[in-house]
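Structural features, examined
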Amino acid sequence: MSTEMNEPVPRPGILDIAAYVPGKEHAPGVARVYKLSSNETPLGPSPKALEAFRNAASQLERYPDGQAMELREAIAATYGLNAANILCGNGSDELLGLLCHTYLGAGDEAIITEHGFLVYKIQIKAAGATPVTVKEQDARVDVDAILAAVTPKTKMVFIANPGNPTGTYVPVTEIRRLQAALPGHVILVLDAAYAEYVKRNDYEAGVELVSGSRNVVMTRTFSKVHGLAALRIGWVYAPAAIIDALNRVRGPFNLNAPAIAAGAAAIRDQAFMANAVAFNAEWIEKLTHAFEGLGLKVTPSVTNFVLIHFPDVDGKRAADADEFLTQRGYILRAVRAYGFQNSLRMSVGPEEANTGVIEALREFLA
Ligand code: PMP
């Protein structure tokens, strides 16, 4: 008897998945480390969210509200939505997986883009379906390339808007053109994890598109501007029929009680959020300008991170810069797995880290 017959074997495709590798956290031997590798906010969460989190600690013996009503209502009130069309998840990561496991199966295809967020591919494969990757144009999602890849097997299209690690965005006119051309049974997933940071008149996170169609969903997160990555809170805004299907598949208590309480308090604190957005806008501009001044190419970003491209010169490549910066306590993200062989992604950090990276790169390139 072969060994396979004697041991559990995962479904076909599972062992082809390359597990997600989170951003580095450590710089061995360096006293002060700045983690700029996971697009976390340098400002932390709202003090009101922290207070709500602490208060929730008094009732840890109780199950959370399985409907996460307080949080869904706070989100709905903030954006003028119907809470019935909102479903919360353990980070938007969970919701991306839930969408795949609910709508994809063997023989189905889902379209992702060249530099798309890696979780899409992982979850598509985990659901037994096939990811179909299309080219981007200069680190921008190409709607025509997506449409050209649609086949009778296509069930889902994933777009991070804005993109990670590119930091670029797709204008709303392009998203509408895509939606209009997709067959009605194909779900268009608009992953708007960085939406709060975008200050462009021709950008829309997806609220109107979801409201006006039956096959568009928008995912959002509390991990970025709200500073609650540790609590794992995401939400999806979707047509009623899709919410209904996801509700049948999700874990009954997929959000924990401290997360529900802290998330609701965070989103109600719009003044805190506005301050975080303003801090970020200032630094995105300063960092982009400074790196370009050093002769580096930077992809224009509407998010809280920048994608920096390095020269193809011995000793000056991204891997060399990564080592140089890590030795000085600045941890950026290598993005080879995202299709950028000679680039690093840097999250906006606290002021001293931002200026520190600029100075370190000046020294590195000298
Ligand atoms: N989508 C994108 C584009 C992201 O960059 C991230 C965070 N790395 C996520 C989704 C997942 O966010 P979370 O699970 O923390 O909500």
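Our focus in this paragraph is the side chain of Thr303. Structurally, Thr303 is set in the loop between β9 (297-299) and β10 (305-309). Polar contacts involving the side chain of Thr303 include one to the main-chain carbonyl oxygen of Phe305, which spans 3.2 Å. When near neighbours in sequence (up to four residues on either side) are disregarded, Thr303 contacts Pro162, Gly163, Gly167, Tyr194, Tyr197, Asn280 and Ile284.

As a further point, take the environment of Arg11. With respect to the element layout, Arg11 can be found in the segment before β1 (34-35). On a C-alpha basis, the gap between Arg11 and Ala193 in space is 30 Å, while along the polypeptide they are 182 residues apart. Residues contacting Arg11, with those up to four places away along its chain left out, are Ala126, Ala127 and Gly128.

The next thing to look at is the site of the ligand. Around the ligand sit Gly91, Ser92, Asp93, Phe117, Asn164, Asp191, Ala193, Tyr194, Thr221, Ser223, Lys224 and Arg232, and those are all the residues in its vicinity. Note that an oxygen atom of the ligand is positioned 3.0 Å from one of the backbone N or O atoms of Asp93. Between the ligand and Asn164, the relevant distance is 2.7 Å, taken from an oxygen atom to a side-chain nitrogen or oxygen of the residue. In terms of residue count, the dominant contributor to the shell around the ligand is helix α3 (residues 91-103) (3 residues). Along the lines of polarity and charge, the residues of the shell around the ligand split into 3 nonpolar, 5 polar and 4 charged.

This part is about the nonpolar core. Counting 50 residues, the largest nonpolar core has Leu71, Ile159, Leu188, Phe222 and Trp235 as the members making the most contacts within it. Top element by residues in this core is helix α9 (residues 257-268). It accounts for 6 residues. In contact with Phe222, not counting residues within four places along its chain, are Leu71, Ile75, Gly227, Leu228, Ala229, Ile233, Trp235, Gly263, Ala266 and Ile267. By size, the runner-up hydrophobic cluster in this structure holds 31 residues, among which are Leu95, Ile242, Leu246 and Leu307.

Strands in a sheet are paired, the pairing made by backbone hydrogen bonds, and the direction either parallel or antiparallel. Read across the sheet, 7 strands follow the order β2-β8-β7-β6-β5-β3-β4 without closing on themselves; strand pairing throughout is mixed. Two strands close off the open sheet at either side, each with one partner strand: β2 (86-89) and β4 (130-134). Across the sheet, the mean angle separating the axes of adjacent strands is 25° when strand polarity is ignored. With 4 bridges joining them, β2 and strand β8 (residues 234-237) adopt antiparallel strand pairing. If you follow Ile86 over to β8, its bridge partner there is Tyr237.

Glancing now at the sheet that holds strand β12 (residues 333-334). Spatially, β9-β10-β13-β12 is the arrangement adopted by the 4 strands of the open sheet, whose pairing is antiparallel. In this open sheet, the two edge strands, each paired with only one partner strand, are β9 and β12. Sheet topology note: the β9/β10 ladder contains 3 bridges and is antiparallel. Note that in β10 the partner of Thr299 across the bridge is Leu307. Docked against the sheet, helix α10 (residues 270-293) engages β9, β10 and β13 (343-347), running at close to 10° with respect to β10. With respect to the sheet, helix α11 (residues 318-327) is in contact with β12 and β13, its orientation differing from that of β13 by roughly 40°.

A separate point is the pairing of strand β5 (residues 154-160). Burial analysis of β5 places 6 of its 7 residues in the buried class, the great majority of the element. Taken together, the 3 bridges between strand β3 (residues 109-113) and β5 define a ladder with parallel strand orientation. The residue of β5 that forms the bridge with Glu109 is Thr154. As paired elements, β5 and strand β6 (residues 187-191) share 5 bridges and run parallel to each other. Considered in β6, the bridge of Phe158 is made with Val189. As a crossover connection, the stretch from β5 through helix α6 (residues 172-181) into β6 is right-handed.

Turning our attention to the pattern of salt bridges. Going through the model one piece at a time under the given rule, you end up with 16 salt bridges. Notably, a salt bridge pairs Asp144 with Arg177, separated by 3.0 Å at the nearest N-O pair. In this pair, Asp144 is assigned in helix α5 (residues 143-149) and Arg177 in helix α6, connecting sequence segments 33 residues apart. Notably, a salt bridge pairs Arg177 with Glu174, separated by 3.1 Å at the nearest N-O pair. Taken together, the residues span about one helical turn, with Arg177 and Glu174 both in helix α6 at a distance of 3 residues. Taken together, the shared-partner salt bridges connect Asp144, Glu174 and Arg177 into one network.

How each quantity is defined
Residues numbered from 1 in each chain as written. Predicted model: local features only at pLDDT ≥ 70, side-chain atom pairs only at ≥ 80, totals over all residues. Heavy atoms only, no water. Helix = DSSP H or I, 4+ residues; strand = E, 2+ residues; numbered from the N terminus. Polar contact = N/O pair within 3.5 Å; in protein donor to acceptor, adjacent residues only side chain to side chain. Contact = heavy atoms within 4.5 Å. Near = heavy atom within 4 Å. Nonpolar A, V, L, I, M, F, W, Y, C, P; charged D, E, K, R; others polar. Core = buried A, V, L, I, M, F, W, Y, C linked by side-chain atoms within 4.5 Å. Buried < 20%, exposed > 50% of the residue type's maximum accessible area, 1.4 Å probe, protein only. Pairing = 2+ DSSP bridges. Axes fitted to C-alpha atoms, helices over the stretch in contact; angles between N-to-C directions. Right-handed = clockwise from strand over helix to strand, strands pointing away. Salt bridge = Lys/Arg side-chain N within 4 Å of Asp/Glu carboxyl O.

Structural measurements only, silent on function.
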